[in-house]
Amino acid sequence: MILPALIDASTLHQHLPDDRLLIVDLCSDDNYRAGHIPGAVHIPPARLGCGQPPAPGKLPAIESLTAMLEHIGLDSRRHVVAYDDAGGSWAGRLIWTLALLGFDNASLLDGGRNAWLAAGLPLSDQTPVIQPSQLQLAINPVWLADKQEILHNLDNPDYCIWDARSAGEYRGENVQAARGGHIPGAIHLEWTELMDEQQRLLPVEQLQSMLDKAGLTRDKTITTHCQTHRRSGLTWFVARKLLGYPAIKAYPGSWSEWGNCDDTPIET
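Presented here is a report on the structure given in the accompanying data block. None of these values were measured; they are calculated from a predicted model.

### Remarks on unusual backbone geometry
Following Leu16, the chain continues to Pro17 via a peptide bond in cis, the omega torsion being -5°. Mapped onto the elements of the fold, Pro17 is located in the loop between helix H1 (9-14) and strand E2 (21-25). Cis rather than trans, the peptide bond between Pro53 and Pro54 has omega equal to 5°. Turning to its location among the elements, Pro54 is positioned in the loop between strand E3 (41-42) and helix H3 (62-71). One non-glycine residue with positive phi stands out, namely His229, at about 60°. Positive phi, close to 50°, is recorded for Ser254, a residue that is not glycine. Residue placement: Ser254 occurs in helix H10 (residues 254-258).

### Considering the packing of aromatic side chains
All chains considered together, the criterion is met by two aromatic pairs. For the ring pair Trp143 and Trp236, a centre distance of 6.0 Å and an interplane angle of 70° mean the geometry is edge-to-face. Of the two residues, Trp143 sits in the loop between helix H5 (112-118) and helix H6 (147-152) while Trp236 sits in helix H9 (residues 231-242), which places them 93 residues apart along the sequence. The exposure class of Trp143 is buried, given its relative accessible area of 11%. Classification of Trp236 as buried rests on a relative accessible area of 0%.

### Regarding the sheet that holds strand E6 (residues 159-163)
Spatial strand order, E7-E6-E8-E9: four strands in an open sheet with parallel pairing. The sheet terminates laterally at strand E7 (187-188) and strand E9 (248-250), the two strands that pair on one side only. As paired elements, E6 and E7 share two bridges and run parallel to each other. Counted as the bridge partner of Asp163 is His188 from E7.

### A closer look at empty space enclosed by the protein
Tallied over the full model, the rule gives one cavity of 30 Å³ or more. Approximately 40 Å³ is the volume attributed to the largest cavity. What lines the largest cavity is simply Gly87, Gly88, Leu108, Leu109, Asp110, Gly111, Gly112, Gln199, Leu201 and Leu234.

Cut-offs applied
- Residues numbered from 1 in each chain as written.
- Predicted model: local features only at pLDDT ≥ 70, side-chain atom pairs only at ≥ 80, totals over all residues.
- Heavy atoms only, no water.
- Helix = DSSP H or I, 4+ residues; strand = E, 2+ residues; numbered from the N terminus.
- Phe/Tyr/Trp six-rings, centres within 6.5 Å; stacked < 30°, edge-to-face > 60°.
- Buried < 20%, exposed > 50% of the residue type's maximum accessible area, 1.4 Å probe, protein only.
- Pairing = 2+ DSSP bridges.
- 1 Å grid on protein atoms, 1.4 Å probe; cavity = no way out; pocket = protein on both sides within 12 Å on 5 of 7 lines; lining within 4 Å.
- Points joined across faces, edges and corners; volume = space filled by probe spheres on them.

Encoded structure:
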């Protein structure tokens, strides 16, 4: 099955039901129980991170990821469509995680649960019957950056840090760790700038122009982050899946790690 990386609600609805699709709901538990896209399986968003302070957004152990994805019935024959109730951030984080594990057949529902409701499409409160799969997974670090890589490249003009947090967090006014501020040289482009008021992503041409104007050009290696690599799940998705950036990474440690370390330089 071939679907676009970004799919709208009406197009997805036209493809349902289809056993080749694996619809993954990353909404809150309450919203999933209240009503989800028919056939959607649920992953509690917190399971995408390790949950361990000071950097809860780091990847879980491969055994935990394997168990989670086997439980929802993921296999190489199915195309994942991910959606959430958080502006696409958790859905983007899942698609990044799948890419690390070698699963590239994945799409994001533009506008998420809100767009489905706005289109007047039906929800279900029935929990689907899931046939668990068996997987052998390994992490390919091509889309993954860590603290040491960033420290090594702070003076590299061909390496850019994309800070997707709010302006207050970037400037160090809204402190979410032991220290506030940003990674030296980081370019600030808040994740919400990539979408409209309905939380639908802007046209591709507009997104590319926005990144180019900020200095986040496709000829550079770019690492994106936020506080726990939730918001930057969407920025990674946009750069990689919509704009085709060849070297776009994400830093799951994000500011929760960087701002809580004693040996990391900070600018305000």
